[in-house]
Protein chains: 6
Amino acid sequence: MSRIDGRTPEQLRPVTIERGWSKHAEGSVLISFGDTRVFCTASVTEGVPRWRKGSGEGWVTAEYSMLPRSTNTRGDRESVRGKIGGRTHEISRLIGRSLRAVIDYKALGENTIVLDCDVLQADGGTRTAAITGAYVALADAIAWAQTKKIIKAGRKPLTGTVSAISVGIVDGTPLLDLCYEEDVRADTDMNVVCTGDGRFVEVQGTAEAEPFDRKELNVLLDLATAGCDNLTALQLEALARTLGE
Amino acid sequence: MSRIDGRTPEQLRPVTIERGWSKHAEGSVLISFGDTRVFCTASVTEGVPRWRKGSGEGWVTAEYSMLPRSTNTRGDRESVRGKIGGRTHEISRLIGRSLRAVIDYKALGENTIVLDCDVLQADGGTRTAAITGAYVALADAIAWAQTKKIIKAGRKPLTGTVSAISVGIVDGTPLLDLCYEEDVRADTDMNVVCTGDGRFVEVQGTAEAEPFDRKELNVLLDLATAGCDNLTALQLEALARTLGE
Amino acid sequence: MSRIDGRTPEQLRPVTIERGWSKHAEGSVLISFGDTRVFCTASVTEGVPRWRKGSGEGWVTAEYSMLPRSTNTRGDRESVRGKIGGRTHEISRLIGRSLRAVIDYKALGENTIVLDCDVLQADGGTRTAAITGAYVALADAIAWAQTKKIIKAGRKPLTGTVSAISVGIVDGTPLLDLCYEEDVRADTDMNVVCTGDGRFVEVQGTAEAEPFDRKELNVLLDLATAGCDNLTALQLEALARTLGE
Amino acid sequence: MSRIDGRTPEQLRPVTIERGWSKHAEGSVLISFGDTRVFCTASVTEGVPRWRKGSGEGWVTAEYSMLPRSTNTRGDRESVRGKIGGRTHEISRLIGRSLRAVIDYKALGENTIVLDCDVLQADGGTRTAAITGAYVALADAIAWAQTKKIIKAGRKPLTGTVSAISVGIVDGTPLLDLCYEEDVRADTDMNVVCTGDGRFVEVQGTAEAEPFDRKELNVLLDLATAGCDNLTALQLEALARTLGE
Amino acid sequence: MSRIDGRTPEQLRPVTIERGWSKHAEGSVLISFGDTRVFCTASVTEGVPRWRKGSGEGWVTAEYSMLPRSTNTRGDRESVRGKIGGRTHEISRLIGRSLRAVIDYKALGENTIVLDCDVLQADGGTRTAAITGAYVALADAIAWAQTKKIIKAGRKPLTGTVSAISVGIVDGTPLLDLCYEEDVRADTDMNVVCTGDGRFVEVQGTAEAEPFDRKELNVLLDLATAGCDNLTALQLEALARTLGE
Amino acid sequence: MSRIDGRTPEQLRPVTIERGWSKHAEGSVLISFGDTRVFCTASVTEGVPRWRKGSGEGWVTAEYSMLPRSTNTRGDRESVRGKIGGRTHEISRLIGRSLRAVIDYKALGENTIVLDCDVLQADGGTRTAAITGAYVALADAIAWAQTKKIIKAGRKPLTGTVSAISVGIVDGTPLLDLCYEEDVRADTDMNVVCTGDGRFVEVQGTAEAEPFDRKELNVLLDLATAGCDNLTALQLEALARTLGE
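Because the structure is predicted, anything quoted here is derived from the model rather than measured.

A word on the overall build of chain A. Check the secondary structure of chain A and you find six helices and nine strands. By the compact-globule yardstick of 18 Å for 245 residues, chain A fits well, its C-alpha radius of gyration being 18 Å. Counting only C-alpha atoms and orienting by the principal axes, one finds that chain A spans roughly 55 × 40 × 40 Å. Residue burial in chain A is summarised as follows: out of 245 residues, 60% are buried. When contacts within chain A are restricted to residue pairs at least 6 apart in sequence, long-range pairs at least 24 apart make up 69% of them.

Attention now moves to the layout of surface pockets. By volume, the second largest pocket is sized at about 510 Å³. Residue composition of the lining of the second largest pocket, grouped by class: no nonpolar, six polar and twelve charged.

The grouping of A:Arg50, A:Lys53, C:Arg50, C:Lys53, E:Arg50 and E:Lys53 at the surface amounts to a positive patch. By the element assignment, E:Lys53 lies in the loop between strand E3 (36-46) and strand E4 (59-66).

Right, let's get into the arrangement of the chains. One thing to see here is that chain A and chain D don't touch, and their nearest C-alpha atoms sit 10 Å from each other. If you take every C-alpha in chain C and every C-alpha in chain F, the smallest gap between them is 10 Å, and the two do not touch.

All names here are of chain C. As paired strands, strand E6 (residues 162-170) and strand E7 (residues 173-176) are joined by four bridges and run antiparallel to one another. Pairing of valine 167 across the sheet is with leucine 176, part of E7. The antiparallel pairing of E6 with E7 creates a hairpin that spans two residues between the two strands, and aspartate 171 there sits at a positive phi of about 50 degrees.

Turning to the pairing of strand E9 (residues 200-207) of chain C, a few remarks are in order. Residue and element names in this part refer to chain C. Buried residues dominate E9, accounting for eight of its eight residues. Pairing between strand E8 (residues 186-195) and E9: seven bridges, direction antiparallel. Within the sheet, the bridge partner assigned to threonine 188 lies in E9 and is alanine 207. Between E8 and E9, which pair antiparallel and follow one another directly, the connecting turn spans four residues, one of which, glycine 198, has a positive phi of 85 degrees.

By secondary structure assignment, the location of B:Thr41 is in strand E3 (residues 36-46). For B:Thr41, the contacting residues outside a window of four places in its chain are B:Ala25, B:Gly27, B:Ser28, B:Val114, B:Leu115, B:Asp116, B:Ala137 and C:Arg69.

Moving on: the interface of chain A and chain F. Taken together, the 36 residues of chain A in the interface contact 36 residues of chain F. For the pairing of chain A and chain F, the buried interface totals around 3000 Å² over both sides, and the portion due to carbon and sulfur atoms is 49%. Summed over the three residues of chain A that lose the most area to chain F, namely A:His24, A:Arg69 and A:Arg77, the buried surface amounts to 24% of that side. Inspection of the chain A/chain F interface yields 16 salt bridges. Between A:Lys23 and F:Asp123 there is a salt bridge; the shortest N-O distance is 3.7 Å. For the side of chain A that touches chain F, the secondary structure elements donating two or more residues are strand E3 (36-46), strand E4 (59-66), helix H1 (78-81) and strand E5 (111-121) of chain A. For the side of chain A that touches chain F, the residue count by class is 13 nonpolar, eleven polar and twelve charged.

Taken as rigid bodies, chain A and chain F are interconverted by a rotation of 180 degrees and an axial shift of 0.0 Å, the fit giving an RMSD of 0.0 Å. Viewed as a symmetry operation, the transformation between the two copies matches a two-fold axis. Among all residues of chain A, the minimum C-alpha distance to the rotation axis is found for A:Ser79, at 1.8 Å. Counting the interface residues of chain A, we find that 100% of their copies in chain F are interface residues as well, pointing to one common contact surface.

Attention now goes to unusual backbone geometry. You will see that E:Asp177, though not glycine, has its phi angle at about 55 degrees, which is positive. One non-glycine residue, F:Asp171, adopts positive backbone phi at about 50 degrees. Relative to the elements of secondary structure, F:Asp171 occurs in the loop between strand E6 (162-170) and strand E7 (173-176). Judged by relative accessible area, which is 51%, F:Asp171 ranks as exposed.

Glancing now at the side chain of F:Asn111. Residue and element names in this part refer to chain F. Relative to the helices and strands, asparagine 111 is located in strand E5 (residues 111-121). A relative accessible area of 5% means that asparagine 111 is categorised as buried. Look past the residues within four positions of asparagine 111 in its chain and what remains in contact with it is Thr45, Glu46, Gly47, Val48, Gly58, Trp59, Ile150 and Ile151.

With that settled, the discussion passes to the pattern of salt bridges. Applying the stated criterion across every chain, the model contains 143 salt bridges over all chains. As a salt-bridge pair, E:Arg81 and E:Glu78 come within 3.9 Å of each other at their nearest N and O atoms. Of the two residues, E:Arg81 and E:Glu78 are both situated in helix H1 (residues 78-81); the distance of three residues between them amounts to about one turn of the helix. Within this structure, A:Arg3, A:Asp5, A:Arg7, A:Arg13, A:Asp35, A:Asp123, A:Asp177, A:Glu182 and F:Lys23 form a network of salt bridges that share partners.

Take the packing of aromatic side chains next. By the definition in use, this model includes 27 aromatic pairs over all chains. With a centroid separation of 5.1 Å and an interplanar angle of 75 degrees, the aromatic rings of B:Trp21 and B:Phe39 are classed as edge-to-face. With a gap of 18 residues between them, B:Trp21 in the loop between strand E1 (15-19) and strand E2 (27-33) and B:Phe39 in strand E3 connect regions that are remote in the sequence. B:Phe39 carries the same exposure label as B:Trp21, and that label is buried. When the ring centre of A:Trp21 is taken as reference, the NZ or CZ atom of F:Arg37 above it lies at 4.2 Å.

With that out of the way, let us pick up the sheet that holds strand E1 (residues 15-19) of chain C. Residue and element names in this part refer to chain C. Taken in spatial order, the five strands line up as E1-E2-E3-E5-E4 in an open sheet, and their pairing is mixed. A single partner strand is all that each edge strand has here, and the edge strands are E1 and strand E4 (59-66). Taken over all neighbouring pairs, the strand axes of this sheet differ in orientation by 15 degrees on average, direction set aside. Sheet topology note: the strand E3 (residues 36-46)/strand E5 (residues 111-121) ladder contains ten bridges and is antiparallel. Paired with serine 43 across the strands is valine 114, a residue of E5. Lying over the sheet, helix H2 (residues 86-100) contacts E4 and E5, oriented at roughly 145 degrees with respect to E4. Strand contacts of helix H4 (residues 126-147): E1, strand E2 (27-33), E3, E4 and E5, with the helix running at about 35 degrees to E3, the strand carrying the most contacts.

Once that is clear, we can look at the UniProt feature "binding site: phosphate" (unreviewed entry) in chain A. All names here are of chain A. Following the UniProt record, one finds the feature "binding site: phosphate" (unreviewed entry) at Arg87, Gly125, Thr126 and Arg127. Considering the C-alpha atoms alone, the annotated residues occupy 41 residues of sequence yet fold into one spot, their largest mutual distance being 13.5 Å. Within the element layout of this structure, glycine 125 appears in the loop between E5 and helix H4 (126-147). Apart from the residues within four sequence positions on either side, glycine 125 is in contact with Arg13, Thr36 and Leu178. Tracing the chain through its elements places threonine 126 in helix H4. Judged by relative accessible area, threonine 126 falls into the buried class, the value being 6%.

Residue and element names in this part refer to chain A. Sites flagged by UniProt as "domain: Exoribonuclease phosphorolytic" (unreviewed entry) map to residues 11-141 and 161-226. Structurally, residues 11-141 is divided into 30% helix and 32% strand, and its ends, taken at the C-alpha atoms, are 30 Å apart. Structurally, residues 161-226 comprises 29% helix and 47% strand, and the distance from its first C-alpha atom to its last is 15 Å.

What follows deals with helix H6 (residues 214-240) of chain E. Compared with the 39 Å implied by 1.5 Å per residue over 27 residues, the 39 Å span of H6(E) between its first and last C-alpha is a close match. Within H6(E), the full set of buried residues consists of E:Leu217, E:Leu220, E:Leu221, E:Leu223, E:Ala224, E:Thr225, E:Gly227, E:Cys228, E:Leu231, E:Thr232, E:Gln235 and E:Ala238.

What follows deals with the environment of A:Lys53. Residue and element names in this part refer to chain A. Lysine 53 gets classed as exposed once you look at its relative accessible area, which sits at 59%. Distance from lysine 53 to glutamate 110, taken between C-alpha atoms, is 7.5 Å for residues 57 residues apart in sequence. Those residues in contact with lysine 53 that sit more than four places away from it in its chain are Val48 and Glu110.

For the rest of this paragraph, the subject is the sheet that holds strand E6 (residues 162-170) of chain E. Spatial ordering of the open sheet is given by E7(E)-E6(E)-E8(E)-E9(E)-E9(F)-E8(F)-E6(F)-E7(F), a layout of eight strands whose pairing is antiparallel. The open sheet is flanked by strand E7 (173-176) of chain E together with E7 of chain F, the only strands paired with a single partner. Direction aside, neighbouring strands of the sheet carry axes that sit 15 degrees apart on average. Lying over the sheet, H6(E) contacts E6, E7, strand E8 (186-195) and strand E9 (200-207) of chain E together with strand E9 (200-207) of chain F, oriented at roughly 145 degrees with respect to E6(E). Running at roughly 165 degrees to E6(F), helix H4 (residues 126-147) of chain F makes contact with E6 and strand E8 (186-195) of chain F of the sheet.

Rules used throughout
- Throughout this document, residue positions are counted from 1 along each chain, in the order its sequence is written.
- Working convention: letters from A go to chains and numbers from 1 go to ligands, in the order in which they are written.
- Restriction of local features to residues with pLDDT of at least 70 applies here, the model being predicted, together with a cutoff of 80 or more for giving and counting side-chain atom pairs; totals for whole chains, interfaces and linings are based on all residues.
- Each side-chain value is worked out from all heavy atoms of the structure, with water and hydrogens disregarded.
- Strands are runs of DSSP state E lasting at least two residues, helices are runs of H or I lasting at least four, and both sets are numbered from the N terminus onward.
- Using C-alpha atoms as the atom set, the radius of gyration is obtained and then compared with a globule rule of 2.2 Å times the number of residues to the power 0.38.
- The rule is simple: take the accessible area with a 1.4 Å probe, protein chains only, and divide by the maximum for that residue type; under 20% is buried, over 50% is exposed, in between is partly exposed.
- Contacts are residue-level and defined by heavy atoms, with any inter-residue pair within 4.5 Å sufficient.
- In this analysis, the protein atoms alone were mapped onto a 1 Å grid. Cavities are point sets where a 1.4 Å probe fits without being able to get out; pockets are open sets with protein on both sides within 12 Å along at least five of seven lines; lining residues have an atom within 4 Å of a point.
- Grid points are joined across faces, edges and corners, and a volume is the space filled by probe spheres set on the points.
- Ten residue types, Ala, Val, Leu, Ile, Met, Phe, Trp, Tyr, Cys and Pro, are classed as nonpolar, four, Asp, Glu, Lys and Arg, as charged, and the remainder, Gly among them, as polar.
- Nonpolar side chains (Val, Leu, Ile, Met, Phe, Trp, Tyr) are joined into patches within 5 Å and like charges within 9 Å, using only residues with over 30% relative accessible area and no salt bridge.
- Per-residue and other accessible areas were derived by the Shrake-Rupley procedure at a 1.4 Å probe size, with only the shown protein chains allowed to occlude residues.
- By convention in these notes, a salt bridge is any Lys or Arg side-chain nitrogen within 4 Å of a carboxyl oxygen on Asp or Glu.
- Counted charges follow a simple rule, with Lys and Arg positive, Asp and Glu negative, and His plus the chain ends left uncounted.
- For this purpose, a charge sits on NZ of Lys, CZ of Arg, CG of Asp or CD of Glu.
- By definition, two strands form a pair when at least two bridges between them are found by DSSP.
- In this description, buried area is defined as the sum, over both parts, of the accessible area (probe of 1.4 Å) that is lost when the two are combined.
- Alignment of the copies relies on least squares applied to C-alpha atoms, considering only residues that score at least 70 for pLDDT in both.
- Within 6.5 Å between ring centres, the rings of Phe, Tyr and Trp (the latter by its six-membered ring) count as paired, and their orientation is classed by plane angle as stacked under 30 degrees, edge-to-face over 60, tilted in between.
- Either the NZ atom of lysine or the CZ atom of arginine qualifies as a charge over a ring when it sits within 6 Å of the ring centre and within 35 degrees of the ring normal.
- Fitting a line to C-alpha atoms yields each axis, with helices limited to the stretch in contact; the angle taken between N-to-C directions then spans 0 to 180 degrees.
- UniProt positions are given in the numbering used here, feature names are shortened, and annotations may be inferred rather than shown by experiment.
- An expected span of 1.5 Å times one less than the residue number is assigned to each helix.

What follows is the structure, given as structure tokens:
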């Protein structure tokens, strides 16, 4: 079976990671997974939320949002509706947890980093692109904070790398990195967040139509692990470039 | 290692399922997983949300909430704060998706069933107790609607059963059905929703501290699958009793 | 004239008061007036709201809410609507005022007790059941705080007992403790809150249809005073039992 | 004992009722009870809320609000806070119920009248001034609707008159029409809404400090009934004047 | 061409400025521009918002609102809708900026003055009447604060006077101080805020239909400047009267 | 005097206009004025708001928003705060009015076009960049709707072009197109919206510190008119390019 866009089942869409896309943010990345385009900024502030004061430990959190016309039909702004929808909440929390999995709070010290992930264009996989891009912005923000001595010399707040990818079963075939059209038709949809060493940070599998069995789950996890390996390489490659190139 | 409450690692807490706990709701269940106590009601209304009108298909949705003093320290009411928190949203959506996995919308016809899951007392596993109890309330509501001919004769909107359980790794040991104290100390926390035939509806695993590897994931899934088998039996047993006993 | 449920005009519905219904709250009561069932918890926290700090005096407040399916047709959750309705506000305030009428703020010291009254099932008289049950939860919470030395030795924050009952005129007959069906048909509806010594804390009479005259008012007050006497006895009886029985 | 402003215990403050204070509203009144000044408008619209459509019956409702600097220290605007407080809700509902007590819905036909009562200056008794003034605005609005044939010829939607007054026990003395300073010091505070024939629409008595007994209640009701008699006379006198004088 | 109300194009409507209209506020004015009637109060509080603390400088801000029936058809209350509309925000900000233009923050010291401008009756030009009246209330509040030594002796927080007027082009004719009917028909609508010495604080011109050219702009500015001169004279005249006359 | 970035007083910052930046929106533009970068999308929907139905006329409206880290320090999201701030409201309304000035509603037919202007990076002049870019997105959306026959053949909904620029007086010198640092230091700040034929749609001048006189106003208007002429040329140039180049 060939896919809508001609990819093989285990192939990622073209991924681009542009660093330094904002002159204000301490870390910023424009990431694309095919036509999905997410703008990720990392903002460093000294101090932590009240419940963490005096602990000597830092905090990392995230906010996800879609621009109203990032999708095929325009959606209402959550600011206009006056409340944040469940899906937005859910994804913001997922991104925050995923990045905290590779943070050493003690090494970060009492500083807070907020990751803002705004979807400029959506074509499936916005949350996985957001996590993957936000990691790079986070790494840049931490490097900045080290340069500015906001993080003490010799401390390494990042304990590893983290990336994420979607997998799903479409017409009986397990596929990596679903675009929107595939996502809509998927029987099972799974988002997997991995560390660079191949372990899991989050596994979220949902049967959209038919429940899935253990064998299908295993095939999907294999696909996702391999996909995250590729994303890890792309993240490291992006971070190896000099900022501004 | 023995657990806080003396259970073995693969043992459920005592589960009770009381049907008919409300005189108003079409289905109602007071379910407890140990000290966790959730009141689930199923409300049937004819008609469906606007976006589904004319489709001939029904809808099932859920709302989860915790009473302010269901926890050890009192939490603010979301009605008083004027907004629903991310966790509440996330769990409400999970319950709704889980139950819809065993619904045949066509057989339901253009009717809506709302499951309200209100946590009266929390001690870990509120979302899994909610799903497990809500299924029983849903089954009763559907039976009621069949009796009232709201659902057409011969139609079976329920395609199976669904239950849910939490599993986690605490001090290196994989455990089933975590109570609050265990949950707080868990390195990995997973909620698994299964159908009665042992397939997965949802798998949500989160590394709270250390990422987890494939082997740990497999052990947790084994535990959860067995736990859900037991819950399925308890659900069927409860539904086999005459209402009012 | 005989009533819907066979009671005499001056008869209460069966009243049950179960203490210790929550393992978390300092005081907790499941109270029922017939089919009306309200879960009342009392939460003690040290400290008082900002406007009362440094006064040496405590504070008691209440929040009332109905579960969405506590009524015959499901109501929207106020948390989902994003605002609290006028009726909820009004009853929360009434419960708070009623309980404060028997509190000696000085003896309570700078501690706050919040009463949460959540209606699990409604069949008329939810506010009066809430006040009557909340008093018992409050008494238990104060006893707990005395044991824990949060309230200083020898101090008695409770200056008396308080209970509440509804009365109304239905088809020309004054009735005690209206169930929902009677309430709907009442010309005049009155809620009366009394202390154990028979004095009034609140008298709220409303002409639903015809205005009422002084003579009718007097008959209703007689009925209510006698009803509260009975409730006081039931409260004291409940509090005389050892917790856990 | 002489009162702060030299009145006898059973004396009203100077009451003024200016009709036609708005060129837009169908009925409008600026009423003052001493320094308490409330602007009441009655707005007539054809049609009724959805739940009443097709009933052939009309509807009357009210909204009460205080200008931010109507009190001694400036209060936040409820529009800025984004929610309506409990007190505002409670009083709006009281005003609405009070006026509906003298409305024949059938005679009104499917029309809605909204009473807006905005407190320009507060000095105690704002809700009673609002009810008393709103009645006059309502009467003018109904007369206007009769002229415009919005209300059918020969129909009389008003079945009587309604007015309201506060009473209370201050330092042991029962007083009529409490100003703010008296209100603050009152042990018992009662608002009484009467029809012109001396019957009760609402009786709301609250023990602010000590509970009150039946005898005190009777004295307060006597005071209030006499006070409302005087207000009824002032309302009729105001309505007897030609509009614009 | 003669105007609806018989005025010449460059003529103001009758303007009245009543000071001391509230017994609570430190400054208060009931201003009318023809049938437009705005109640302005100035509230002085010691201290400033957090972001200004320790600066030694004061702050002046404003809130504008329309009573629901100040217009021809009743509008919903913003407190009931739970949010403030764009127009209200825009005008509140305009009033605040206009008054701050004549304030010396240092001389004011760390005090805050809030201007509340509530439209009791609207007939065009509510924002300009609000600014013009609020200035007078502000002047009275500052005088009060000087008397109370809240503002230090010898300090003059007011650096000038400020007033505002609307101008517009209706059927090709430039007009001063548009009433509602003219405003609706205007091709261009401009609000101009001037200091007493004839300089501009705000110029806000909007093409409602046809864009306007430089020549038209100049004619409108001439009209507005002359109109503000007249308003300045009326403000000074009002302030010259002894309060209470 | 030379400016921060070396420009002459009457010089625009480098302006770039990239069309077709979204695959979903009917019109989309990424516009930059120096470091200010705004993403503008135009969304076409058939039908109009309720109040306009049956008129045969269309509607154009706009929503403006800043990403949280578009500025030097991160701002809270308005969706998280649950309300839209006054500045956002004000600018959204300005953009909508500006574009409607060049729309023939009849020619548009009963269709609605929503312009979303999201600031990705802010460095002064975000509202003027938004208007200038939104015009181009609007033109593309209208061309699309003409191709799709949503707008009837031969109809020209655009009656002209519109662009906007800021001007201000900094240290006594009138400057065109202020960057953030200049804007902060400006005594007077003015935003001018012009049509392509040099007439005014909006003139909004504000004295930030000293009031400004007529002569200064004239100099600023000259600067702005010339700046808009240049922007008009850039808009036409951008629209002359084939989409996708």
